[in-house]
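Structural overview for review
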Amino acid sequence: MRAILQSRQGYLWLATEGGLVRFDGVRFAVFDTETAPALKSNNITSLLEDRAGILWFGTSEGLGRLESGEIQIYTMEDGLPADNIQLLFLDDGGKLWAKTTAGAARFDRGHFVREALPPSAPDTAEPVVKDRSGRWWTGSVSGLTVTGRDGAKTYTSQDGLPANRITALFADTEGATWVGTDAGAARIVNGKIERFPPGDPLSRDTILSIAEDREGDLWIGADSSGLTVLRSLPFTTYTSKEGGVDDQVRCIFEDRHSTVWIGTNGGGLRRLANGKFSLLTTADGLASNVVLSLAEDASGDLLIGTPDGLNRLHNGKFSLLTSADGLAEDFVRSIYTDSDGSIWAGTRRGLSHIRGSHIVTYTQGNGLGSDLIGALVRSPDGDLWIGTLHGLTRLRNGNFKNYTVDDGLSSNIVTDLYLDSQGTLWIATQGGGLDRFRNGAFTRFPPALGIPETIFGVAEDADNNLWLAAKTGIFRVSKNDLNGTKITGVPYEAKITVVPYGTSDGLRVSECSGGGHPAVWKDRRGAIWFSTAKGAAVLRPGPRTLNRLPPPVAIESVLIDDRAFDPARLTEVAPGHSRVSFEYAGLSFVAPQKVQFRYRLEGFDRDWIDVGNRRIAYYTNLPPRHYRFHVIARNNDGFWNEQGASFAIYIQPHYYQTWWFALLLLAAAILACYAIYALRVKQVQAQFDAVLRERNRIAREIHDTLAQGFVGVSVQLEIVSRLLDSSIQSAKEHLDLARVVVRNSLAEARESIWELRSQSPEHRDFAARLANAAKQATASSGAKVQLQVHGTYRPLTAKVEDELFGIGREAVANAVQHSGAEHINIELTFDARKLRMTIGDDGCGFDGQTDATGPSGHFGLQGMRERAQQIQAELTVSSEIGKGTQVSVEVPAK
């Protein structure tokens, strides 16, 4: 690693001989001649980020510029003195300078201008660094020189440096100076040189680069051992290596002299005073090497609960109190020193209250939830709270009251009690998580919220956080989150952030110990001690205790049907793609595996989606529209970057998914509906027209049959009435004629009705039908009818024949009834194209210029015209007064 740099975006960039490398804490991305064809060499010599956030990197064949995912290479053609870049730096004005093997050049308006290096330019041969106190450190092949107000001092291998040749220098934010040599690395703090232990790669390798990231981690690039990160872990764990024989810790306590006492599960009692450990066991008078509980009495004596009784350590000597002295049992699990100086001892067979030499024992018979007693604490209002195997018991004014799951507890097995600075009682349970008792009511915080299921101890830090020692590790949760959580059932209306800690944070094992009291202790300096299955872990307060820097978030790539695209160059997706994925990163290097993410695809997701530490979001079958992918992240200590990163994308639709196509379909649907409506209207109109035509036809039939018959009968009866007085015989003859007319009219009426009922009536010869009708019409008059047929007879369709017959019958009837004609001539002329029917008479005639519809109340001529229209025939009526009338009809011969 020739150079290490963390960009403003948060990525860690590495200059190597194999290319430019980007690291996000989990994944490495390599830019080389294969993945980035613009590169001419994989040998990266230097790195620099300018004030605009553009990354510059030197190579042996030109100067590289990386901006928005695009790489551009500058060479001698762009003004560089040579292509081999040795050094990059920014002057006081923010201008970029490049030093090459043939001289230096300044970047100006997209081109390099060859100039001499300014005096402030660093030297490529000797590393130089300025620490935060203002001292300058200069490395050379013969040692390290520091220059300050007190003059200059030189360090060499004789002073403790790994070697005299200095290859890298770095001054960190805590005031230490890191020194890289060709034989390992060292740190100088307050003039003292600290080296890595023998066997560590950093104790012998050539150090090429040293850098510190924004979270305080130190990165060291070495020649053969690669990249190493050094970080301050939040927890320090003390095990048997620091003066003990057993690693499982059961309880921890700090006395008034700031001595920390650590009770083990078989290794006795360990004491930490003034940074040194010592051990007390049965050989020193301790009743048992298994220490279950620790406390201090009013005089400052240490009280030690063991399976063999209650020990008191006074002036280095142990005394013992057992069941023989009145204790409920020798197995002392918990101890509490009351404000009046009395002592409460919890055992497996009850609670013993010790006042000097007087001991009173309370059991389940007195109201305790169980005889197996755990944690003890007294609240500001004077109540003594007792954790038992079967609920939480309160002692008030000599009366016991027990609370169980029926009263709101999440579990009846109470493992620890903690009273915070606001007087709220926090209850740790086995199997139910964490409970809170406030204002007379219990509130549950079960594992569904991320709270550990089984908690052995609870403590509070200065930032209002609760620290939970659990079977699965150590957890931190904000009291503000817990107190602000509105619980109305499951699921919960508000979510809390629970931060886990494990072996990557300095613990030797991710398991705390239970069964002892106190299992967690906060000392006078604010450090919190935890009993674990492998040592006593301590969290010390300080600027590095919590990582309060929210992680920068970056969207690294967008995958369309598994093909990766750079977000900087992708805004639209062509139609037809079914899978879209977003790869993102949270750029925190303290504990990258603990970075948690939430994302939301605006336009698709209704709410944020919690995905833990998964770094890719999958979507399938997204509808075409505009989307914005938004992702946020939190670091290992639960601090969120609420702004996160976002990326807008447009999935193009197929033509059939566009708005104009939908509009076209809508218009087509409207037109189709209108066409159906118009067709229906046409059908209704046609039905109406058919009914109207049938009505007219019936009217014509009635007119041509019954009406004409009634007229004939009326004429005969009128003649009969005149002849009755003068000629009975003649009257009888006309009466007979009236009967004939009636019979004929009835016959014609029956025939018309038959034609209404039958769609395919039997027809006689048209000429014969017409002759018979004329004969009947003239039977009561003296008119003579002559029928002539010309041409070759051709059968007519039923409809044409019926309408022609009706026209002919009406014309003959008119000639008989209205004109007083003596002769009626009927001619039927058949030719190849048409049929012409002509009916003429020698009657009185009428004025042909008048309305041809006939007199008021008479519809004969109108009926003939309607019949002609039905068969598309041409009807001509000609008449003159005194010269008769001629009706002519021509119909195409089809």
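The structure reproduced in this document is the subject of the present report. In this text, all values refer to a predicted model and were calculated from it rather than measured experimentally.

Counting across every chain of the model gives 34 salt bridges. One salt bridge in this structure joins Asp610 and Arg598, with 2.6 Å as the shortest N-O distance. Within this pair, whereas Asp610 is found in strand 57 (residues 609–612), its partner Arg598 is found in strand 56 (residues 596–602), the two being separated by twelve residues in sequence. Among the residues examined, Arg598 registers a relative accessible area of 21% and is labelled partly exposed. One salt bridge connects Glu890 with Arg836, and the closest N-O pair in it is separated by 3.9 Å. Placement of Glu890 in strand 65 (residues 884–892) and of Arg836 in strand 63 (residues 834–841) is noted, with a sequence separation of 54 residues between them. Counted as one network, the salt bridges with shared partners bring together Arg22, Asp24, Arg27 and Glu556.

Now for the sheet that holds strand 6 (residues 55–59). Strand order in the open sheet formed by four strands is 5-6-7-8, with antiparallel pairing between adjacent strands. Two strands lie at the open edges of the sheet, namely strand 5 (44–49) and strand 8 (70–74), each paired on one side alone. The sheet shows a mean angle of 20 degrees between the axes of neighbouring strands, direction not considered. Relative to strand 7 (residues 62–67), strand 6 runs antiparallel, the two sharing five bridges. Directly across from Leu55, in strand 7, lies its bridge partner Leu66.

All right, on to the environment of Ala893 then. Within the element layout of this structure, Ala893 appears in the segment after strand 65. With 96 residues separating them along the chain, Ala893 and Thr797 place their C-alpha atoms 9.7 Å apart.

What follows is about the packing of helix 4 (residues 766–777) against helix 5 (residues 798–819). Running from amino to carboxyl end, helix 4 crosses helix 5 at an angle of 25 degrees, the nearest separation of the two axes being 9 Å. In this view, helix 4 runs roughly parallel relative to helix 5, as classed from their interaxial angle. Where helix 4 crosses over helix 5, the handedness of that crossing is right-handed. The residues of helix 5 that touch helix 4, namely those facing Phe766, Arg769, Leu770, Ala773, Ala774 and Ala777, are Glu801, Asp802, Leu804, Phe805, Gly808, Arg809, Val812 and Val816. Taken together, the residues that form the contact of helix 4 with helix 5 break down as nine nonpolar, one polar and four charged.

Glancing now at the sheet that holds strand 53 (residues 563–565). What the four strands build is an open sheet, ordered 53-52-55-58; its pairing is antiparallel. Two strands in the sheet have a free side with no partner beyond their single neighbour: strand 53 and strand 58 (616–620). Sheet twist, expressed as the average angle between the axes of neighbouring strands with direction ignored, equals 25 degrees. Examined bridge by bridge, strand 52 (residues 553–560) and strand 55 (residues 579–586) share seven bridges and lie antiparallel to one another. What sits directly across from Val553, in strand 55, is Gly586.

In terms of burial, strand 39 (residues 391–396) is largely enclosed, as five of its six residues are buried. Note that strand 38 (residues 384–388) and strand 39 share five bridges and pair antiparallel. Counterpart to Gly387 in the pairing with strand 39 is Leu392. Connecting the antiparallel pair strand 38 and strand 39 is a turn made up of two residues.

Reading the values: rules and limits
Residues numbered from 1 in each chain as written. Predicted model: local features only at pLDDT ≥ 70, side-chain atom pairs only at ≥ 80, totals over all residues. Heavy atoms only, no water. Salt bridge = Lys/Arg side-chain N within 4 Å of Asp/Glu carboxyl O. Helix = DSSP H or I, 4+ residues; strand = E, 2+ residues; numbered from the N terminus. Buried < 20%, exposed > 50% of the residue type's maximum accessible area, 1.4 Å probe, protein only. Pairing = 2+ DSSP bridges. Axes fitted to C-alpha atoms, helices over the stretch in contact; angles between N-to-C directions. Parallel < 35°, antiparallel > 145°, perpendicular 65-115°, else oblique. Left-handed = near helix turned anticlockwise from the far one by under 90°. Contact = heavy atoms within 4.5 Å. Nonpolar A, V, L, I, M, F, W, Y, C, P; charged D, E, K, R; others polar.

Read these as spatial facts, not as claims about activity.
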